[in-house]
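Spelled out, the chains give:
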Number of protein chains: 2
Amino acid sequence: MKCKFCSDKPVVHLKPSNLYLCENHFLERVEEVTKRAIKKFNMFDNKDRILVAVSGGKDSLSLLYLLNKLGYYTRGLYINLGIEEREYSDESFEYVKKFSEKFHMDIYTYNLKEEKGKGITDIMKHRKNYKACSVCGIVKRYIMNKIALEKNFNVLATGHNLDDEVSRLFGNIVFWQEGYLLHQNPVLEEEKNKLLKKVKPFCFISEKQTALYAYLRGIEYVRNECPYSIDAKTIFYKNILNRVEENSSGAKLRFYKGFLDIQKKYFKKVHKKYTEIMGEEKECKICGMPTLKEICGFCRIFERV
Amino acid sequence: MKCKFCSDKPVVHLKPSNLYLCENHFLERVEEVTKRAIKKFNMFDNKDRILVAVSGGKDSLSLLYLLNKLGYYTRGLYINLGIEEREYSDESFEYVKKFSEKFHMDIYTYNLKEEKGKGITDIMKHRKNYKACSVCGIVKRYIMNKIALEKNFNVLATGHNLDDEVSRLFGNIVFWQEGYLLHQNPVLEEEKNKLLKKVKPFCFISEKQTALYAYLRGIEYVRNECPYSIDAKTIFYKNILNRVEENSSGAKLRFYKGFLDIQKKYFKKVHKKYTEIMGEEKECKICGMPTLKEICGFCRIFERV
């Protein structure tokens, strides 16, 4: 068995397109597909300043590496969320530091506990009725945006891969979350000069591929799942979609691309803006950021703990 | 433990609504929910003549029984498809005859092999590249419609239950089958006086409920799966949706009802008619029935074998 494009030994078989690829051609393909997504969705170009949120995981570290390699102006931001169970945040941070040293790339850090007095573990102790994944999501989005504005970046990039996107899509469809279905996209445009443009350049790259990319590029990454995510619906949906993929190769990618077409053709035609469904946005009374309520989600969390 | 509405012993626990129901209240509820679907979707009323397609299975026999009990003008039609493997068609027919005798209801029969010279088994022997489920679907829809027109019925009812509907919906969504998504509905209106109105009164009743309804009403039914359906995608999707339902009780019903809302709000607003996506319909050159090609699917099958 040979690589499709040269005589080297293949390291991977991409089933949907039935491609056997050697190390170099696999790495090239991941970079190509990512480049194409960046272009197709008009994510950014050489004039943009891109802040990449890194968690210490395979996706975000690979993304930072890859965007840097492609020559974009980019820098990582690590948010230490203060997840103390199984020393998760500390462990993740170790991988981020290793990456930074190995590839000589400075990475900003933000320590939630130091800055706000409480980390995720503290918050969850105080508010048993909160869902950790929701709290964490609100905090990360807020901080990423805040730091990017402070440091004069104009685009936020996250490492969400195809599996992340389809599992989220699946959940949104099973429960027909209208607002989310309108909103789910590899690109969210800037709003009111306050919420920066957000992009997901790995939206067409599967989880297996980002893992292999990281491995082949010598990127070490945290392998443990977040201690709070064990029962998360996302993992359940990912398993289901893996079964669908096994049954019908390429199903995930078709499902996702098909959705984006349908979204454009139907959802966007009927409602032009997210706010038409979700309501008009106001300014948070505490921090001034856009919010649907009087006080934004982030400030509400820290008001209450 | 008692029935929610009386002091009798429950025979069933309907998890999504957390209802424990005795035999009588369960039967009443199935009839109530069916009546509500008939009304909500304007399926038919006392002036209509309804032909119910019966297969010998739990869903269609229960539907015929129930519609009759509710006082509608209705009659069953059994199509003997000539599935000879494991004597499937003969066995199904036995259950239809038993039902007819036990409940004193005449049922029309149509024998594909006698009328057209070939049954499904013969067709599949000749055309290895055909998918049995597709052939069978085309044949059943055609014959049901033909017999209904001949016998002066104006509505066709089938026993499709909630599980049938959601598994079909799931498949159509994973592959974003635009035309089917626009078309999938508990009611398909009459077209050009030739394709009669088609309705699915059990669209909100789960498979488990139709099985229990049949059992409690003393309806015996064929329990073997069709020999051709063993690998069918529908069964795979049903399993997946059962897992989703286990994980989140009531998910199937919400998924289906939510879809119908979204369909109305988005899909129907952009395209008003199925034919706008699928193309204009012509008349079949052989039989004169509406078709997207020169010759309709039914005539094509019998032209080639």
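Residues numbered from 1 in each chain as written. Chains lettered and ligands numbered in written order. Predicted model: local features only at pLDDT ≥ 70, side-chain atom pairs only at ≥ 80, totals over all residues.

Peer 1: Account for the overall build of chain A, with residues named and values stated.
Peer 2: Scanning chain A from terminus to terminus reveals 13 helices and 10 strands. Over its C-alpha trace chain A gives a radius of gyration of 20 Å, about what one expects of a compact globule, namely 19 Å for 305 residues. Looking at chain A as a whole, 36% of its 305 residues qualify as buried. A fraction of 69% describes how many contacts in chain A between residues 6 or more apart in sequence connect residues 24 or more apart. (Helix = DSSP H or I, 4+ residues; strand = E, 2+ residues; numbered from the N terminus. Rg over C-alpha atoms; globule rule 2.2 N^0.38 Å. Buried ≥ 20, exposed ≤ 12 C-beta atoms within 10 Å, placed from the backbone. Contact = placed C-beta atoms within 7 Å.)

Peer 1: I'd like a description of the environment of A:Arg304, backed by residues and values.
Peer 2: Tracing the backbone through its elements, the reader meets A:Arg304 in helix 13 (residues 297–304). A sequence separation of 181 residues divides A:Arg304 from A:Ile123, and the C-alpha atoms of the two residues are 9.0 Å apart.

Peer 1: Tell me about the pairing of strand 4 (residues 73–80) of chain A, and please be specific about residues and values.
Peer 2: Residues and elements named next belong to chain A. Most of strand 4 is tucked away: six of the eight residues are buried. By the bridge criterion, six bridges tie strand 3 (residues 49–54) to strand 4 in an arrangement that is parallel. The residue bridging Ile50 from the neighbouring strand is Thr74, located in strand 4. The handedness of the strand 3 to strand 4 crossover, carried by helix 2 (residues 58–69), is right-handed. Handedness of the crossover joining strand 4 and strand 5 (residues 107–111) through helix 3 (residues 88–102): right-handed. (Pairing = 2+ DSSP bridges. Right-handed = clockwise from strand over helix to strand, strands pointing away.)

Peer 1: Let's hear about the nonpolar core: which residues, and what values?
Peer 2: Counting residues in hydrophobic clusters, the biggest one holds 138 residues, and the most contacted among them are A:Ile50, A:Val52, B:Ile50 and B:Val52. Sequence-distant contacts of B:Ile50, defined by excluding residues within four places in its chain, comprise B:Phe44, B:Leu67, B:Tyr72, B:Tyr73, B:Thr74, B:Phe153, B:Val155 and B:Ala157. (Core = buried A, V, L, I, M, F, W, Y, C linked by C-beta atoms within 7 Å.)

Peer 1: Describe in detail the relation of the copies chain A and chain B, supporting the description with residues and values.
Peer 2: Aligned on chain B, chain A shows an RMSD of 0.0 Å; the corresponding rotation is 180° and the shift along the axis is 0.0 Å. Those values place the two copies in the arrangement expected of a two-fold rotation axis. Rotation axis and chain A: the residue whose C-alpha lies nearest the axis is A:Tyr266, separated from it by 2.9 Å. Take the interface residues of chain A: 100% of them recur as interface residues in chain B, which is what a same-surface contact looks like. (Least-squares fit on C-alpha atoms with pLDDT ≥ 70 in both.)

Peer 1: Pulling in residues and values, what's your account of the interface of chain A and chain B?
Peer 2: Each side of the interface is counted separately: chain A has 20 residues, and chain B has 20 residues. Secondary-structure elements contributing two or more residues to the side of chain A that touches chain B are helix 7 (162–174), helix 10 (233–247) and helix 11 (251–270) of chain A. Looking at which element gives the most residues to the side of chain A that touches chain B, the answer is helix 11 of chain A, with 11 residues.

Peer 1: Tell me about the sheet that holds strand 4 (residues 73–80) of chain B, and please be specific about residues and values.
Peer 2: Residues and elements named next belong to chain B. On the basis of which strands lie adjacent, the open sheet formed by six strands has the order 5-4-3-6-8-7 and mixed pairing. Edge strands, defined here as strands with exactly one partner in the open sheet, are strand 5 (107–111) and strand 7 (187–188). Direction of pairing for strand 4 relative to strand 5: parallel, over a ladder of five bridges. Looking at strand 5, one finds that Leu77 is bridged to Tyr108. Packed on one face of the sheet, helix 2 (residues 58–69) meets strand 3 (49–54), strand 4 and strand 6 (155–157) and runs near 155° to strand 3. Against the sheet, helix 3 (residues 88–102) contacts strand 3, strand 4 and strand 5, and its axis sits at roughly 155° relative to strand 4. (Axes fitted to C-alpha atoms, helices over the stretch in contact; angles between N-to-C directions.)

Peer 1: Tell me what's going on with the confidence of the model for chain A, and back it up with residues and numbers.
Peer 2: On average, residues of chain A score 93 in pLDDT, and 96% of them reach the 70 mark or higher. Confidence estimates for the predicted assembly give a pTM of 0.90 and an ipTM of 0.86. (pLDDT = per-residue confidence, 0-100.)

Peer 1: Hey, could you go over unusual backbone geometry for me, with residue numbers and the actual values?
Peer 2: Although it is not a glycine, A:Asn42 adopts a positive phi angle of roughly 55°. Examined against the element boundaries, A:Asn42 turns out to sit in the loop between helix 1 (23–40) and strand 3. A tally of 11 C-beta atoms within 10 Å means that A:Asn42 is categorised as exposed. At B:Asn18, a position not held by glycine, the phi torsion is positive, near 50°. When you line up the elements, B:Asn18 lands in the loop between strand 1 (12–14) and strand 2 (19–21).

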